[in-house]
Amino acid sequence: MTAITRDRILDRLGEVTYDRFLFYLMGPYKSFNLNYVLSEEERRDIDVADLPGPLRRLFQNRDEIDGAQALLRRIQGELRVDPGVNAFLALDVDVDTDDVDAATQSIEYTRCSNATAFVLPFLGHNFGVGEEAGSVLEALSETHSDRLIFLHGDDVTSAMIRSAQVRWDLRVATYETEAELVSKLRLFASGIMQRERRGDLERLE
C-alpha cells in the first residue's frame, strides 16, 4: 500500500509562501444532477426547457457537471495566493484508489494536514463526500478537531451535518457567496497558524 506522508504530499504540490502549512480541501467533485436519480423514462416526462434556470442546471449532461470541482479549484488558488498556504485536493497527490481507498486517503490527508475543510455547495453531489467526512471524523475527531471545519452553502440542509456537529462537536459555518467562503477559510487557516506559533497547537513539520 502507498504510504501517505507530509513529504509525499509536499513533493506533489507547487511552491507557496507557507509551503509546510498543508490545507486539505474536501468537497464534491461533481455538481448534483437529477440524471443520477431519475430513470430515463422519468426524465422523458419532464420538459427541461420549461424549467427555471436553477432547475435546468440539475439536468445538465453528466460530462458537463464539473462546477463543484471548479469551485474547489478556485478556492484552492485563492488560498495559495492569500494567505499563501499549501492548499490541495486529493486529486493533486495522485494516489490510486485501487491502492488506497478514498476514505482512507482522506483520513491520511487530514492526519498530515495543518488544516482540513469540508466544503459543501448547494449543487454538490455530496453522497461520497458525506461518507468520507464521516470516516475522517470517526478516526480523527479526538486528535484533529481543532484543525477541522465544515462549511456549507446557506441553502444546504443535511441531517449528517447536524448529527456531526452534535456527535463530534464539529465546527460548522455557512456561507452565501464564494467570496464569503474564501474569507472564512482564510480566517480559519490564519487562526490555526497563529495557534501553532503560540504553541497552542503542535507545529507540524
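All figures in this text were calculated on a predicted structure; none of them were measured in a lab.

K.L.:
Quick rundown of a negative patch on the surface? Include the residues and the values.
P.N.:
Residues Asp 94, Asp 96, Asp 98 and Asp 99 make up a contiguous surface patch of negative charge. Mapped onto the elements of the fold, Asp 94 is located in the loop between helix H5 (90-93) and helix H6 (102-112). On the basis of relative accessibility, which here comes to 62%, the residue Asp 94 falls in the exposed class.

K.L.:
Mind laying out H6, listing which residues take part and the relevant values?
P.N.:
Listed in full, the buried residues belonging to H6 are Ala 103, Gln 105, Ser 106, Ile 107, Tyr 109, Thr 110 and Cys 112. Looking at where H6 begins, the residue whose side-chain oxygen comes 3.2 Å from the main-chain nitrogen of Ala 103 is Asp 101.

K.L.:
Hey, could you go over the sheet that holds strand E3 (residues 115-120) for me, with residue numbers and the actual values?
P.N.:
If you trace the five strands from one edge of the open sheet to the other, you get E2-E1-E3-E4-E5, paired in parallel fashion. Among the strands making up the open sheet, the edge pair consists of strand E2 (85-88) and strand E5 (172-175). Averaged over all adjacent pairs, the angle separating strand axes in this sheet is 25 degrees, with direction ignored. Strand direction decides the pairing type here: strand E1 (residues 18-26) and E2, joined by four bridges, are parallel. Pairing of Phe 23 across the sheet is with Ala 87, part of E2. Strand contacts of helix H9 (residues 178-198): E1, E2, E3, strand E4 (148-153) and E5, with the helix running at about 135 degrees to E1, the strand carrying the most contacts.

How each quantity is defined
- Residues numbered from 1 in each chain as written.
- Predicted model: local features only at pLDDT ≥ 70, side-chain atom pairs only at ≥ 80, totals over all residues.
- Heavy atoms only, no water.
- Patch = residues over 30% accessible without salt bridge, like charges linked within 9 Å, V, L, I, M, F, W, Y side chains within 5 Å.
- Areas by Shrake-Rupley, 256 points an atom, 1.4 Å probe, with all protein chains shown as cover.
- Salt bridge = Lys/Arg side-chain N within 4 Å of Asp/Glu carboxyl O.
- Lys, Arg positive; Asp, Glu negative; His and termini not counted.
- Charge placed at Lys NZ, Arg CZ, Asp CG, Glu CD.
- Helix = DSSP H or I, 4+ residues; strand = E, 2+ residues; numbered from the N terminus.
- Buried < 20%, exposed > 50% of the residue type's maximum accessible area, 1.4 Å probe, protein only.
- Polar contact = N/O pair within 3.5 Å; in protein donor to acceptor, adjacent residues only side chain to side chain.
- Pairing = 2+ DSSP bridges.
- Axes fitted to C-alpha atoms, helices over the stretch in contact; angles between N-to-C directions.
- Contact = heavy atoms within 4.5 Å.

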